[in-house]
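Geometric and topological summary
Each chain is listed here by its residues.
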Amino acid sequence: MAEADQSAEVQDVDVVVLGLGNGGEGILTHLAGSGLTVVGIEQHLAGGECPFYACVPTKMIRHEASQPQPDWARVARRIREEAAHDWDDTEIVENLRATGAEIVRGTGWFTGSRTVEVTAHPDDDAPVRSFRARRAVVLGVGAESIIPEFEGAEEIGVWTHRDITTAEALPQRLAVVGGAVIACELSQALARFGVEVTMLVRSTLMSGEEPAVGEHLLEVLRSEGVDVRLETEVSSAVRQEDGSLSIRLSSGETLEADELLAATGRKPRIDVETDEYCRVLQDSEPSDWLYAVGDLTGHGDFTHVAVREGEVAARMILATGAGAGSGSGADAGAASGSAAGAGADAAEARAAVEPVAVHAVPRVTFTSPEIAGVGLTAAAARKQAEDQPDDTRWDVVSVTKDLNENARGWIDEAHGNITLVADRRTGLLLGASLIGPGAGEIVGALTVAVHQRMTVQELSRVMWAYPTLHRVISDAIGELDLS
């Protein structure tokens, strides 16, 4: 951590937002638009990973890969010009400043309770600045790619997804380390561009989903020419004189490739723990001024999670009311979006804020076919049940149903499956996973069900249009053993 510059004058503001990814960007817009004085601090690009390196560029790659004659030059140009704007966030920053917020470039450091100092990039001669937050400090500094540890990793220059989405040309041979979302999406897409892709997977594909999902995707990837090697790790790698890589595997084999892509997940840049209101826990108690949103919270590295957390955190901060000493004039009742009223006590206003529904986070992997899920897998539910009291412990049951047993699936010759997870004792729907055409759309109905804590019995009374793939939900319910 940088040393505090004692000569920097401290400026009092209502809120300091550290990191302007999807969560921080939304908070800043909401709070500044409500009349608070807000400072946003960003080290790299306002808008975060999603528009510049992740969600949007990778989906552009997927779209191009699905065309009859995929053209990497065309999609690279689209990413650069239409999505990333040459990796320039000027437009985003201007929109944020238009809300009345102040945007500061640099790295923020805590120099005291509620006090953040900003040091500029070494190439920037901007003075050190210091801000003290009257109401809140929000952490939204995101996560970074995990680089696997093996001999030679630093020397060879391991690629991450950023190297792919900014590449003007692709390597001919690519080794991909990992078997989860990023690895599966990019491996399939790049293989369709003619890249010789070898996936090196420590255990199984998509191990965070139901086994049936990973097994089906494995068949698909191998049928498309992706060399998937399960239970395989990298022992060492060396860059040879011709620029290629010689990669020694845990099996003892040697793999030749041009580049190695690390797609083994992401880790938060700082370690925090939050409650469902995005308040950072300090000594197991929620802070009354420190919040965290996005990848830091551990509720899912998804844009939609960061956006929802930003909404909740903003409402919680506004619900503290003018009593926090801001002098901004924002009243707690209106700010919380509830009927608490302008004269309501801050605690009452905060109580009216709906928490983040961490039990019903939807997830979609944009392979072909798509993979989607919500809530818990059967394995995760059984693990969670181990810590529950005997009289309320879940009796976890699950069922897996093939899509081609559904009328629409049979008509369209669709392949894939759905798994539903429930508590036999109460009938509560705990989660669902599926792989198949339109999985990312079908999971919407299941997300509502899990979010509303519906029972399987309640869900069984829903009328599904015929013939649609959505009817596979009722098909699966019909085979779920709750007796």
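Residues numbered from 1 in each chain as written. Predicted model: local features only at pLDDT ≥ 70, side-chain atom pairs only at ≥ 80, totals over all residues. Heavy atoms only, no water.

Structural notes on the overall build of the protein
Helix and strand counts for the protein stand at 17 helices and 22 strands. Against the globule reference of 23 Å for 483 residues, the protein gives a C-alpha radius of gyration of 24 Å, in line with a compact fold. Considering only C-alpha atoms, the protein reaches an extent of 65 × 65 × 40 Å along its principal axes. Within the protein, the fraction of its 483 residues that count as buried is 49%. Nonlocal contacts in the protein, meaning residues at least 24 apart in sequence, comprise 63% of its contacts between residues at least 6 apart. (Helix = DSSP H or I, 4+ residues; strand = E, 2+ residues; numbered from the N terminus. Rg over C-alpha atoms; globule rule 2.2 N^0.38 Å. Buried < 20%, exposed > 50% of the residue type's maximum accessible area, 1.4 Å probe, protein only. Contact = heavy atoms within 4.5 Å.)

Description of the pattern of salt bridges
This structure, assessed with the given rule, holds 28 salt bridges. The shortest N-O distance in the salt bridge between Asp-288 and Arg-114 comes to 4.0 Å. With a gap of 174 residues between them, Asp-288 in strand S17 (residues 285–292) and Arg-114 in the loop between strand S4 (107–112) and strand S5 (115–119) connect regions that are remote in the sequence. Asp-288 gets classed as exposed once you look at its relative accessible area, which sits at 55%. Using a relative accessible area of 21% as the deciding quantity, one classes Arg-114 as partly exposed. Across the pair Asp-275 and Arg-279 runs a salt bridge, and its minimum N-O distance is 2.8 Å. Overlapping salt bridges, with partners in common, bring together Arg-80, Glu-81 and Glu-168 in one network. (Salt bridge = Lys/Arg side-chain N within 4 Å of Asp/Glu carboxyl O.)

Some remarks on the sheet that holds strand S10 (residues 227–229)
An order of S10-S9-S8-S14 is seen for the 4 strands of this open sheet, with the pairing classed as parallel. Of all strands in the sheet, those with a lone pairing partner are S10 and strand S14 (259–262), marking the two edges. For this sheet, the mean angle separating the axes of adjacent strands, direction not counted, is 20 degrees. Of the pairings in the sheet, the one linking strand S9 (residues 196–200) to S10 comprises 3 bridges and is parallel in character. By the bridge assignment, Thr-198 is partnered in S10 with Asp-227. Each of strand S8 (173–177), S9 and S14 is contacted by helix H8 (residues 181–192), which is oriented at about 160 degrees to S9, the strand it contacts most. (Pairing = 2+ DSSP bridges. Axes fitted to C-alpha atoms, helices over the stretch in contact; angles between N-to-C directions.)

Details of the sheet that holds strand S11 (residues 234–239)
Judged by pairing direction, the sheet is antiparallel, and its 3 strands sit side by side in the order S11-S12-S13 without closing on themselves. The sheet terminates laterally at S11 and strand S13 (254–257), the two strands that pair on one side only. Strand-to-strand twist across the sheet, computed as the mean angle between neighbouring axes with direction ignored, equals 20 degrees.

Observations regarding helix H1 (residues 22–33)
Taking 1.5 Å as the rise per residue, H1 with 12 residues should run 16 Å; its terminal C-alpha atoms sit 17 Å apart, in good agreement. Packing partners of the buried residues in H1 comprise strand S1 (10–18), strand S2 (38–42), helix H5 (90–97), strand S3 (102–105), strand S6 (129–139) and helix H10 (303–318). Positioned one or two residues after H1, Gly-35 has a phi angle of 100 degrees, which is positive. (Expected span 1.5 Å × (residues − 1).)

Brief notes about helix H13 (residues 378–385)
Within the sequence span of H13, burial applies to Ala-378, Ala-381 and Ala-385. The arc that holds the buried residues of H13, viewed along the axis, is 65 degrees, so those residues lie on one side. Facing away from the buried side of H13 by more than 90 degrees, the exposed set consists of Ala-379 and Lys-383. Looking at the packing, one finds that the buried side of H13 touches strand S20 (396–402), strand S21 (417–423) and strand S22 (429–436). (Arc of directions from axis to C-beta.)

Re the pairing of strand S19 (residues 370–375)
Along S19, 6 of the 6 residues are buried, which leaves the element largely enclosed by surrounding structure. Remark: 4 residues form the turn of the hairpin made by strand S18 (residues 362–365) and S19, two consecutive strands paired antiparallel.

What about the packing of aromatic side chains?
With the rule as written, the count across this model stands at 2 aromatic pairs. Aromatic pair Trp-72 and Phe-193: ring centres 5.2 Å apart, planes at 85 degrees, arrangement edge-to-face. Separated by 121 residues along the polypeptide, Trp-72 in helix H4 (residues 72–83) and Phe-193 in the loop between H8 and S9 bring together distant segments of the chain. Overall, the relative accessible area of 17% leaves Phe-193 in the buried class. Centroid distance Phe-110 to Trp-289: 6.1 Å. Interplanar angle 75 degrees. Geometry classified as edge-to-face. Residue Phe-110 is located in strand S4, and its partner Trp-289 is located in strand S17; the two are separated by 179 residues in the primary sequence. A residue is classified by how much of its surface remains accessible, and Phe-110, at 27% relative accessible area, is partly exposed. Of the residues examined, Trp-289 reaches a relative accessible area of 12% and is grouped as buried. (Phe/Tyr/Trp six-rings, centres within 6.5 Å; stacked < 30°, edge-to-face > 60°.)

Considering the side chain of Thr-455
Mapped onto the elements, Thr-455 comes out in the loop between helix H15 (439–451) and helix H16 (456–460). Sequence-distant contacts of Thr-455, that is, excluding residues within four places in its chain, are made with Thr-426, Gly-427, Leu-428 and Leu-429.

Examining the environment of His-30
Looking at where His-30 falls in the secondary structure, it is placed in helix H1. The spacing of His-30 and Pro-57 is 27 residues in sequence and 26 Å in space, taken between C-alpha atoms. Residue contacts for His-30: discarding those within four places in its chain leaves Ala-314, Arg-315 and Leu-318.

Description of the nonpolar core
Burial of nonpolar side chains together is a common tendency in soluble globular proteins. In terms of nonpolar packing, the biggest core is built from 36 residues, with Trp-72, Ile-164, Met-199 and Leu-205 touching the most fellow members. Taken together, the elements giving at least two residues each to this core come down to helix H3 (55–65), H4, S8, H8, S9 and helix H9 (211–223). Element by element, the count of residues in this core is highest for H8, at 6 residues. With near-sequence residues (within four places) excluded, Ile-164 lies in contact with Ile-61, Trp-72, Trp-159, Leu-174, Leu-186, Leu-190 and Leu-261. (Core = buried A, V, L, I, M, F, W, Y, C linked by side-chain atoms within 4.5 Å.)

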